[in-house]
Amino acid sequence: MVGIPNDMLATLSGSMKAAEKWVAKNVTQHITSNNVNIRYVAVGNEPFLETYNGSYLEITFPALRNIQAALVKAGHNNQVKVTVPQNADVYASSSGLPSDGDFRADIHEVMLTIVNFLSVSSAPFTVNIYPFISLYAEPNFPVEYAFFDGNASPINDGGTSYTNMFDANLDTLARALQRNGFSDLPIIVGEIGWPTDGNRNANIEYARRFNQGLMSHISGGRGTPMRPGPIDAYLFSLIDEDAKSIAPGNFERHWGIFTYDGLPKYPLNLGTTNSGALVRANGVQYLQKKWCVMNPSARLDDPSVAPSVDYACSSADCTSLGYGTSCGDLDSRGNISYAFNSYFQQNNQLDEACKFPNVSVIVKTDPTPTVGNCKFNIMIQPYNGSAERRFGYVQKPSGMISFLVLILLLVL
């Protein structure tokens with residue numbers, strides 16, 4: 001699945017030539033030159049999310065239509081299908097039961113236009129479903145209902161019993177499609193997963209429990225009450241994204257099933273190896289074993305501490321600090337040291353990146369606590385030897401390019 005970012009929708013919606021050029025570069029070239037198995041083009045990503053306030057409401061369908069026309073012209077339309085990954089907030093149920101599902105009133109007309117176009121084009125409806133987000137946003141959300149163990153109190157919908165949110169959510173969409181005359185339109189789950197840090201419910205055990213439950217649920221081929229049979233789903237995500245926006249929450253940088261350096265975070269059987277286990281990345285090269293920490297002789301009330309920490313965290317990643325996180329039990333000095341080291345490592349251990357005025361020092365003894373999951377990382381070597389950061393100009397190193405890689409691969 002090849003994705004088109006939302007900020008490209010305006011251009012593609014207004015220019016057939018731009019759409020043809022995009023398809024030639026991002027689809028045709030890879031299929032003909034490298035035999036890449038491209039199945040879908042994702043036009044935008046959650047463009048009708050309520051928080052976007054309708055920014056992409058008028059341009060998503062025209063962009064979809066132009067990309068489809070470009071695929072037809074290039075001769076790819078039988079192999080490559082268009083779709084628009086939607087957030088689950090594009091539909092809802094007036095009663096809270098799946099059987100009352102329908103599309104949001106404010107976007108009902110445009111959703112039917114898109115759904116009809118997908119149907120005519122033999123293309124699927126793609127939806128991103130995140131039970132974790134529901135748990136994060138609603139303190140009273142029943143925790144067990146997010147998982148697949150069958151421990152939640154069942155919800156009865158006219159004789160149909162639901163014991164997990166995933167089935168209920170997908171069937172709410174299925175009912176919305178059925179209600180509007182598209183009961184046979186295929187559904188793909190474009191994103192689903194569970195983060196491991198940045199929030200008290202974002203932890204390794206919950207992530208393992210959810211993702212393994214999801215895989216078992218899918219591999220069993222049972223589907224949902226309204227959509228029995230196999231489910232196509234993309235697991236979000238392959239690896240953590242240390243520079244992703246944390247506007248929705250600190251957990252956003254921790255969706256990966258692998259750590260930044262390619263180590264499996266927890267046992268997870270995807271059914272792809274004989275051992276039933278994730279395979280770690282081989283040959284990963286790290287920088288030197290040294291860390292930047294708070295100078296033991298520095299005082300906590302030193303006036304340069306607070307601005308130094310603020311600067312480090314604004315330029316690096318401190319989302320593992322705070323209540324309920326992996327490093328939530330660190331003391332004040334530990335928190336400060338973690339912030340300094342994060343900045344130091346993300347700047348490839350440049351000496352200048354550990355010169356916080358009178359309060360930092362480089363050490364060669366690992367400051368990682370002996371108890372718990374908190375870890376003071378060492379950066380991996382840049383992918384390109386010439387790709388170094390310069391102090392004062394923070395740039396994402398080549399080896400940390402953000403991925404949206406799932407069970408199948410979503411390439412931007």
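Residues numbered from 1 in each chain as written. Predicted model: local features only at pLDDT ≥ 70, side-chain atom pairs only at ≥ 80, totals over all residues. Heavy atoms only, no water.

1. Things to note about the nonpolar core
When a protein is soluble and globular, its nonpolar side chains tend to lie buried together. Going by this rule: Note on terminology: a nonpolar core comprises buried Ala, Val, Leu, Ile, Met, Phe, Trp, Tyr and Cys residues joined through side-chain atoms within 4.5 Å. Note on exposure labels: buried denotes an accessible area under 20% of the residue type's maximum, exposed denotes more than 50%, and partly exposed covers the range between, all computed with a 1.4 Å probe on protein chains only. Helical segments are the DSSP runs of H or I of at least four residues, strand segments are the runs of E of at least two, and each set is numbered from the N terminus.
Core analysis: the largest hydrophobic core is formed by 80 residues, its most contacted members being I67 and F125. Broken down by element, the residue count for this core peaks at eight residues, all from helix 6 (residues 165-179).

2. Details of helix 3 (residues 60-74)
Operational definition: Here the expected length of a helix is defined as 1.5 Å per residue gap, with one fewer gap than residues. We call two residues in contact when some of their heavy atoms are within 4.5 Å.
Here helix 3 is 15 residues long and its end C-alpha atoms lie 21 Å apart, about the 21 Å a rise of 1.5 Å per residue gives. Within helix 3, burial applies to T60, F61, P62, A63, L64, N66, I67, Q68, A70 and L71. On its buried side, helix 3 packs onto strand 1 (2-4), helix 1 (9-14), helix 2 (16-34), strand 2 (40-43), strand 3 (81-83) and helix 4 (108-120). Once helix 3 finishes, G75 follows within two positions and takes phi at roughly 80°, a positive value.

3. Brief notes about unusual backbone geometry
Residue F236 is joined to S237 through a cis peptide bond whose omega torsion reads 0°. Of note, S237 is situated in the loop between strand 11 (232-235) and strand 12 (291-294). Phi is positive for N35, which is not a glycine, with a value near 55°. Tracing the backbone shows N35 in the loop between helix 2 and strand 2. In this model, E46 sits at a positive phi of 50°, which is unusual for a non-glycine residue.

4. Comments concerning the sheet that holds strand 2
We apply this condition: In this analysis, strands are considered paired if DSSP registers two or more bridges between them. Throughout, an axis means a line fitted to C-alpha atoms (over the contacting stretch in the case of helices), and angles, computed between N-to-C directions, take values from 0 to 180 degrees.
Pairing within the open sheet is parallel, and its three strands lie in the order 1-2-3. Every other strand in the sheet has two partners, leaving strand 1 and strand 3 as the edge strands with one partner each. Neighbouring strand axes in the sheet, compared pairwise and without regard to direction, differ in orientation by 20° on average. Across three bridges, the pairing between strand 2 and strand 3 is parallel. Along strand 3, the bridge assignment pairs Y40 with K81.

5. Some points on the packing of aromatic side chains
Our working rule: Pairing of aromatic rings covers Phe, Tyr and Trp, the last counted by its six-membered ring, and requires centre-to-centre distances within 6.5 Å; plane angles under 30 degrees mean stacked, over 60 mean edge-to-face, and any other angle means tilted. The criterion for a charge sitting over a ring is simple: Lys NZ or Arg CZ within 6 Å of the ring centre, and within 35 degrees of the ring normal.
As enumerated under the stated definition, the model contains 24 aromatic pairs in all. Both rings, one in Y52 and one in Y56, keep their centres 5.4 Å apart while their planes meet at 85°; by these two values the pair is edge-to-face. A residue is classified by how much of its surface remains accessible, and Y52, at 29% relative accessible area, is partly exposed. On the numbers, 4.9 Å between centres and 50° between planes, the contact of Y130 with W255 is tilted. With Y130 in the loop between strand 7 (125-128) and helix 5 (131-137) and W255 in the loop between strand 11 and strand 12, this residue pair connects regions lying 125 residues apart in the sequence. Across the pair, W255 and Y130 agree in class, each one buried. Taking NZ or CZ as reference, R209 lies 4.1 Å from the ring centre of F147, over its face.

6. Section: the sheet that holds strand 11
On the basis of which strands lie adjacent, the open sheet formed by four strands has the order 4-7-10-11 and parallel pairing. Unpaired on one side and paired on the other, strand 4 (86-87) and strand 11 mark the two borders of the sheet. Pairing of strand 7 with strand 10 (residues 187-192) involves four bridges; the strand directions are parallel. Residue F125 lies in a different strand from strand 10, and its bridge partner there is I187.

7. Points about the layout of surface pockets
Convention followed: Cavity means a closed set of points on a 1 Å grid over the protein atoms alone, one where a 1.4 Å probe fits but cannot get out, pocket means an open set with protein on both sides within 12 Å along at least 5 of 7 lines, and lining means a residue has an atom within 4 Å of a point. Grid points are joined across faces, edges and corners, and a volume is the space filled by probe spheres set on the points. Note on residue categories: nonpolar means Ala, Val, Leu, Ile, Met, Phe, Trp, Tyr, Cys or Pro, charged means Asp, Glu, Lys or Arg, and polar means any other residue, Gly included. An automatic or database domain assignment is the source of the domain bounds shown.
Put simply, the second largest pocket is a space of about 980 Å³. What lines the second largest pocket is a set of 40 residues, among which D197, S320, S326, N373 and K375 lie closest to the centre. Of the residues in the lining of the second largest pocket, the class split is 15 nonpolar, 16 polar and nine charged. There are two domains that each give the lining of the second largest pocket at least three residues, and those are domain 1 (84-258) and domain 2 (291-363).

8. Topic: the domain arrangement of the chain
Let me state the cut-off plainly: In short, buried area is how much 1.4 Å probe accessible area vanishes from two parts on joining, totalled over both. The term salt bridge refers to a side-chain nitrogen of Lys or Arg lying within 4 Å of a carboxyl oxygen of Asp or Glu.
Under the domain assignment, the chain is made up of domain 1 (84-258) and domain 2 (291-363). Placing the centre of domain 1 and that of domain 2 at their C-alpha centroids yields a distance of 38 Å. If you look at the interface, domain 1 gives nine residues, while domain 2 gives nine residues. Each partner contributes to the roughly 700 Å² buried at the junction of domain 1 and domain 2, and carbon and sulfur atoms together form 43% of this total. Contact with domain 2 buries surface across domain 1, with D197, R200 and D242 losing the most and accounting together for 52% of the total. Linking domain 1 to domain 2 there are one salt bridge. The salt bridge partner of R253 is D317, with a shortest N-O separation of 3.1 Å. Looking at the side of domain 1 that touches domain 2 residue by residue, the class counts come to one nonpolar, four polar and four charged.

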